[in-house]
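# Inside the fold
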Amino acid sequence: MRKSLIWAASAMMAIGLLTGCGSSKSAETTAEASVAESSSEESTSAEAESSSEEAESSEAEVSADNPFNGKTVKVGCSATFVPFESIEMAADGSKTYVGMNIDIVKDVVEKNGGTVEFVDMPFKSLMAAIQAGQIDFCSGGMAPTEEREKTLDFSDIFFYPRNAIVYRAEDDYPNLDSLQGKTVAYAFGTNYQQVAESIPDVQAVGIQGSPACIEEVKSKRADACIIDGAGAAEFLKNNAELKMSLLDKTDDCFAIGFPKNSPYYETFNNTLKEMMENGELDAIIADHLSEQFILD
């Protein structure tokens, strides 16, 4: 009997020892898994933090190197220059700047991480606004003449326009010589003044903007006006009583005007060159005008 009791007690102890080993091993396994999981979480967290720091570092580098990144630049334009620069009014009274030059400037600035705030003003006021620091630079439509280059830096030339004579449908003015002795309107501050005044015996009249020039012709206060050919085509869409004669391509050209030593000049011009080379610029020109206006 005693032997039986001793054997039973021994068996129970053995079972207890076996059970205890099993519990210890399970706890160790659980602890090891917990440590591994914690280590994995720490590693993942560290990697995410490192990745975040690298991204922040990368953004900081871009911001430091690129003057446009995160900035809103003020760009002067003359929004009566259809189809290059104009304003579309919505029913709620809000306005949107549209046109070829508008799209080119926006594309260049946005490619470099910036945004554009357009400032509308008369064309003749653009240079003074740049010099006074009221705007960061001006949109296209300004030719880099020798006189202008004394005070401004210009981007590469990106467009060569063609001028047009606009007149009433009952008349016929196929070329500049046919305007001798006539009253011809032009937009203040533009190169069209030089064209108009080059005509013998002409009475050249300066008007504020191309739309006003068109009205001078329609109201018969002027026999004709000289404006941009692409703009003339747009005006004729809504004025069946008018005709136009497209003139030959001249040395007139479009570029972007910057103040001297502008921090934006080099970056803008480099991106503009890339768009010329990869066909993006041609696509914008063709979208607003036609392929005949694309640079060769």
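All of these numbers come straight from a predicted model, not from anything done at the bench.

Definitions and limits used
Residues numbered from 1 in each chain as written. Predicted model: local features only at pLDDT ≥ 70, side-chain atom pairs only at ≥ 80, totals over all residues. Heavy atoms only, no water. Helix = DSSP H or I, 4+ residues; strand = E, 2+ residues; numbered from the N terminus. Buried < 20%, exposed > 50% of the residue type's maximum accessible area, 1.4 Å probe, protein only. Contact = heavy atoms within 4.5 Å. Areas by Shrake-Rupley, 256 points an atom, 1.4 Å probe, with all protein chains shown as cover. Core = buried A, V, L, I, M, F, W, Y, C linked by side-chain atoms within 4.5 Å. Pairing = 2+ DSSP bridges. Expected span 1.5 Å × (residues − 1). Right-handed = clockwise from strand over helix to strand, strands pointing away. Axes fitted to C-alpha atoms, helices over the stretch in contact; angles between N-to-C directions. pLDDT = per-residue confidence, 0-100. 1 Å grid on protein atoms, 1.4 Å probe; cavity = no way out; pocket = protein on both sides within 12 Å on 5 of 7 lines; lining within 4 Å. Points joined across faces, edges and corners; volume = space filled by probe spheres on them. Nonpolar A, V, L, I, M, F, W, Y, C, P; charged D, E, K, R; others polar. Polar contact = N/O pair within 3.5 Å; in protein donor to acceptor, adjacent residues only side chain to side chain.

### Considering the overall build of the protein
Looking only at helices and strands, the protein has 8 helices and 13 strands in total. Relative to its full complement of 296 residues, the protein shows a buried share of 38%. Summarising the internal contacts of the protein: among those between residues at least 6 apart in sequence, 69% fall at separations of at least 24. Summed over all atoms, the accessible surface of the protein reaches about 16,200 Å², with 49% contributed by carbon and sulfur.

### Looking at the nonpolar core
Residues Met100, Phe137, Phe158, Phe159 and Phe268 are the most contacted members of the largest nonpolar core, which totals 46 residues. Broken down by element, this core gets its largest block of residues, 6 residues, from helix H2 (residues 100-111). Beyond its immediate chain neighbours, meaning those up to four positions away, Phe268 contacts Phe68, Val105, Val108, Val109, Phe137, Ile256 and Phe258.

### So, the sheet that holds strand E2 (residues 80-81)
Taking strand neighbours across the sheet as the criterion, the 3 strands line up as E2-E3-E4 in an open arrangement whose pairing is antiparallel. Sheet topology places E2 and strand E4 (95-98) at the edges, where each strand pairs with a single neighbour. By the bridge criterion, 4 bridges tie strand E3 (residues 85-89) to E4 in an arrangement that is antiparallel. Residue pairing across strands places Ile87 opposite Tyr97, the latter belonging to E4.

### Overview of H2
Compared with an ideal rise of 1.5 Å per residue, which puts 12 residues at 16 Å, H2 spans 17 Å between its outermost C-alpha atoms and is within 8% of the ideal. Of the residues making up H2, those classed as buried are Met100, Asn101, Ile102, Ile104, Val105, Val108 and Val109. Downstream of H2 by a residue or two, Gly113 has a phi angle that is positive, lying close to 85°.

### A closer look at the pairing of strand E9 (residues 183-187)
Counting buried positions along E9 gives 5 out of 5 residues, so the element sits mostly inside the fold. In terms of strand pairing, E9 meets strand E10 (residues 203-207) through 5 bridges, oriented parallel. Its bridge partner being in E10, Thr183 is matched across the sheet by Gln203. Traced from E9 through helix H4 (residues 192-197) to E10, the parallel crossover comes out right-handed.

### Quick word on the sheet that holds strand E12 (residues 242-246)
On the basis of which strands lie adjacent, the open sheet formed by 5 strands has the order E10-E9-E11-E8-E12 and mixed pairing. Strands at the two margins of the open sheet, each flanked by one partner only, are E10 and E12. On average, adjacent strands in this sheet sit at an angle of 30° to one another, irrespective of strand direction. On the sheet, helix H5 (residues 210-218) packs against strand E8 (163-168), E9, E10, strand E11 (224-228) and E12 and is oriented at approximately 155° with respect to E11. Where helix H6 (residues 229-237) meets the sheet, its contacts fall on E8, E11 and E12, and the angle it forms with E11 comes to roughly 115°.

### Details of the confidence of the model for the protein
Taken over all residues, the pLDDT of the protein has a mean of 82, while the share at 70 or more is 77%. Ignoring residues within four places in sequence, the model shows residues 1-48, a span with pLDDT below 50, making 0 contacts including any to other chains. Under a pLDDT of 50 for its full length, residues 50-62 has, in the predicted model, 2 contacts with residues more than four places off or in other chains.

### Topic: empty space enclosed by the protein
To locate leftover empty space, one rolls a probe as large as a water molecule over the atoms. Summed over all chains, the structure comprises 1 cavity of 30 Å³ or more. A volume near 250 Å³ is recorded for the largest cavity. Surrounding the largest cavity, 21 residues form its lining, Phe81, Phe123, Ala187, Thr190 and Tyr192 being those nearest its centre. In terms of residue count, strand E6 (residues 137-142) provides more of the lining of the largest cavity than any other element does, 3 residues in total. Each residue belonging to the lining of the largest cavity can be placed in one class, and the counts come to 9 nonpolar, 9 polar and 3 charged.

### Brief notes about the side chain of Arg168
By the element assignment, Arg168 lies in strand E8. Since its relative accessible area comes to 10%, Arg168 is described here as buried. A distance of 2.9 Å separates a polar atom in the side chain of Arg168 from the backbone oxygen of Ala222.

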